[in-house]
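Summary of structural features
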Amino acid sequence: MENKPTELWLLSNEMVHTPSIIGLVMELAGQGKMKVADKILESYNLTKTVRLGVLHGSIPWRVEGETVILTVE
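Notes on the structure follow. Since we're looking at a predicted model, the values are computed, not measured.

Note that Ala29 resides in helix α1 (residues 18–30). Judged by relative accessible area, Ala29 falls into the buried class, the value being 14%. Note: C-alpha distance between Ala29 and Val54 (25 residues apart in sequence) is 9.7 Å.

In structure tokens form, the structure reads like this:
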């Protein structure tokens, strides 16, 4: 049986615009500031494996409105 990918939805609220935060995280990662980027992702209660996947590009993500959706295999 084939495993279906899981979607993790990171929602925004009045105080936090998640697409902007993830954009910042990716910018920091591109500058080699992985510890700071990882710490920000940790605030979304993501596992270390998922956080590293996002930072290294092995976990795809997309923006839909105010939400960031991660696709985890």
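The next thing to look at is the nonpolar core. Formed by 16 residues in total, the largest nonpolar core has its most connected members in Leu10, Leu41, Leu46, Val50 and Leu70. Counting only elements with at least two residues in this core, the list comes to α1, α2 (34–42), α3 (48–56) and β3 (67–72). Here this core takes four residues from α1, the largest share from any one element. In contact with Leu10, other than residues within four places in its own chain, are Thr18, Ile22, Tyr44, Leu46, Glu66, Thr67, Val68 and Leu70.

Turning our attention to α1. Look at α1: 18 Å from first C-alpha to last across 13 residues, which is about the 18 Å you get at 1.5 Å a residue. Within the span of α1, buried status applies to Thr18, Pro19, Ile22, Val25, Leu28 and Ala29. Against the buried residues of α1 lie β1 (6–10), α2, α3, β2 (61–64) and β3. Looking at the residues trailing α1, positive phi occurs at Gly32, about 80°.

Once that is clear, we can look at the sheet that holds β3. Taken in spatial order, the three strands of this open sheet run β1-β3-β2, and their pairing is antiparallel. Edge strands, defined here as strands with exactly one partner in the open sheet, are β1 and β2. Strand-to-strand twist of the sheet, defined as the mean angle between neighbouring strand axes without regard to direction, takes the value 25°. Here β1 pairs with β3 via five bridges, running antiparallel. Across the sheet, the residue bridging to Thr6 is Val72, located in β3.

Within the element layout of this structure, Glu66 appears in the loop between β2 and β3. Placed 38 residues apart in sequence, Glu66 and Leu28 show a C-alpha to C-alpha distance of 21 Å. A polar contact is formed between the side chain of Glu66 and the side chain of His17, at a distance of 3.2 Å.

Another point: the packing of α2 against α3. When two helices pack together, their arrangement is given by the angle between the helix axes and the distance between those axes. Two numbers describe how α2 lies on α3: the axes approach to 10 Å, and their chain directions differ by 125°. As summarised for this structure, α2 and α3 are arranged oblique, according to the angle between their axes. α2 and α3 meet at a crossing whose hand is right-handed. In this structure, α2 contributes Met34, Ala37, Asp38, Leu41 and Glu42 to the contact, and α3 contributes Lys48, Arg51, Val54, Leu55 and His56. Residues that form the contact of α2 with α3 fall into these classes: five nonpolar, one polar and four charged.

Quick notes on the rules
- Residues numbered from 1 in each chain as written.
- Predicted model: local features only at pLDDT ≥ 70, side-chain atom pairs only at ≥ 80, totals over all residues.
- Heavy atoms only, no water.
- Helix = DSSP H or I, 4+ residues; strand = E, 2+ residues; numbered from the N terminus.
- Buried < 20%, exposed > 50% of the residue type's maximum accessible area, 1.4 Å probe, protein only.
- Core = buried A, V, L, I, M, F, W, Y, C linked by side-chain atoms within 4.5 Å.
- Contact = heavy atoms within 4.5 Å.
- Expected span 1.5 Å × (residues − 1).
- Pairing = 2+ DSSP bridges.
- Axes fitted to C-alpha atoms, helices over the stretch in contact; angles between N-to-C directions.
- Polar contact = N/O pair within 3.5 Å; in protein donor to acceptor, adjacent residues only side chain to side chain.
- Parallel < 35°, antiparallel > 145°, perpendicular 65-115°, else oblique.
- Left-handed = near helix turned anticlockwise from the far one by under 90°.
- Nonpolar A, V, L, I, M, F, W, Y, C, P; charged D, E, K, R; others polar.

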